[in-house]
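The primary structure of each chain is shown beneath.
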Amino acid sequence: MPSVTQTSTVSKTGLWVGRVLSALLMLFFLFDGIIKVIKLAPAVEGTAKLGYPVSLVVPIGIVMLTCVALYMIPRTSILGAILLTGYVGGATATQVRVESIWFLFPVVLGVMVWGSLFFRDDRVRALIPLRSECTAVAGDAP
């Protein structure tokens, strides 16, 4: 079976921007997940205030920590990003439902998840090109 080699097009600066952004996000998400798993009062009160049963605090924290673990492992980082996107999508929907002014905060977190992955992973840049590699020649357009 022939091996396929990928050449890295990630600049050192871009790689470090992605790593730092990922680290900041992971610290936030780990904090959020851990306080839910150990059922600290602010997590329990916040969950109840948003209209969710208090019995769901620990399972929500476990889901968060699982998503973070998948995101932190390079081989599964894209799956982790997809799952984190779903998680923050639910958080956005919850904030909109309770008419909170913070409804954009989870959206920003989701953008940061993909942005940090974009900076550090060639596969994501191949999926989400910011510039088109193809350039149209005058007269080629239909």
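Described below are features of the structure shown in this document. (Residues numbered from 1 in each chain as written. Predicted model: local features only at pLDDT ≥ 70, side-chain atom pairs only at ≥ 80, totals over all residues. Heavy atoms only, no water.)

For the rest of this paragraph, the subject is the environment of Leu-56. Its location among the elements puts Leu-56 in the loop between α2 (41-49) and α3 (57-72). For Leu-56, a relative accessible area of 34% corresponds to the partly exposed category. A sequence separation of 12 residues divides Leu-56 from Val-44, and the C-alpha atoms of the two residues are 9.1 Å apart. (Helix = DSSP H or I, 4+ residues; strand = E, 2+ residues; numbered from the N terminus. Buried < 20%, exposed > 50% of the residue type's maximum accessible area, 1.4 Å probe, protein only.)

What follows is about the packing of aromatic side chains. Under the definition given, this model contains four aromatic pairs. Arranged with centres 6.3 Å apart and planes meeting at 80 degrees, the rings of Phe-118 and Phe-119 form a pair that is edge-to-face. Residue class for Phe-119 comes out partly exposed when judged on its relative accessible area of 36%. An aromatic cluster of three or more residues is present, and its members are Phe-28, Phe-29, Trp-102 and Phe-105. (Phe/Tyr/Trp six-rings, centres within 6.5 Å; stacked < 30°, edge-to-face > 60°.)

The next point concerns the packing of helix α1 (residues 12-37) against helix α4 (residues 77-97). Between α1 and α4, the shortest axis-to-axis distance is 14 Å and the interhelical angle comes to 65 degrees. Pair α1 / α4 crosses with left-handed handedness. Listed contacts from α4 to Met-26, Phe-29, Asp-32 and Lys-36 of α1 are Leu-84, Tyr-87 and Val-88. Split into classes, the residues belonging to the contact of α1 with α4 amount to five nonpolar, no polar and two charged. (Axes fitted to C-alpha atoms, helices over the stretch in contact; angles between N-to-C directions. Left-handed = near helix turned anticlockwise from the far one by under 90°. Contact = heavy atoms within 4.5 Å. Nonpolar A, V, L, I, M, F, W, Y, C, P; charged D, E, K, R; others polar.)

What follows concerns the packing of α4 against helix α5 (residues 104-120). One can describe the packing of α4 onto α5 by two numbers: an axis separation of 8 Å at closest approach and a directional angle of 165 degrees. Judged by the inter-axis angle, α4 sits roughly antiparallel to α5. Between α4 and α5 the crossing geometry is left-handed. On α5, the residues that touch Ser-77, Ile-78, Ala-81, Ile-82, Leu-84, Thr-85, Val-88, Ala-91, Thr-92 and Gln-95 of α4 are Pro-106, Val-107, Leu-109, Gly-110, Val-113, Trp-114, Leu-117 and Arg-120. Of the residues that constitute the contact of α4 with α5, the class distribution is 12 nonpolar, five polar and one charged. (Parallel < 35°, antiparallel > 145°, perpendicular 65-115°, else oblique.)

Turning to the nonpolar core, a few remarks are in order. Of all hydrophobic cores here, the largest spans 17 residues; its most connected members are Met-26, Phe-29, Tyr-71, Leu-84 and Val-113. Of all the secondary-structure elements, those providing two or more residues to this core are α1, α3, α4 and α5. The element contributing the most residues to this core is α4, with five residues. (Core = buried A, V, L, I, M, F, W, Y, C linked by side-chain atoms within 4.5 Å.)

Turning next to the pattern of salt bridges. The final tally for this structure, using the stated rule, is three salt bridges. Lys-36 is the partner of Asp-32 in a salt bridge, and the nearest nitrogen-oxygen pair spans 2.6 Å. Of this pair, Asp-32 and Lys-36 both sit in helix α1, four residues apart, which is roughly one turn of that helix. Each member of the pair, Asp-32 as well as Lys-36, carries the same accessibility label: buried. With its nearest N and O atoms 2.4 Å apart, the salt bridge here joins Asp-122 to Arg-125. With Asp-122 and Arg-125 both in helix α6 (residues 122-127) and three residues apart, this pair spans about one turn of that helix. Here Asp-122 matches Arg-125 in class, with each residue buried. (Salt bridge = Lys/Arg side-chain N within 4 Å of Asp/Glu carboxyl O.)

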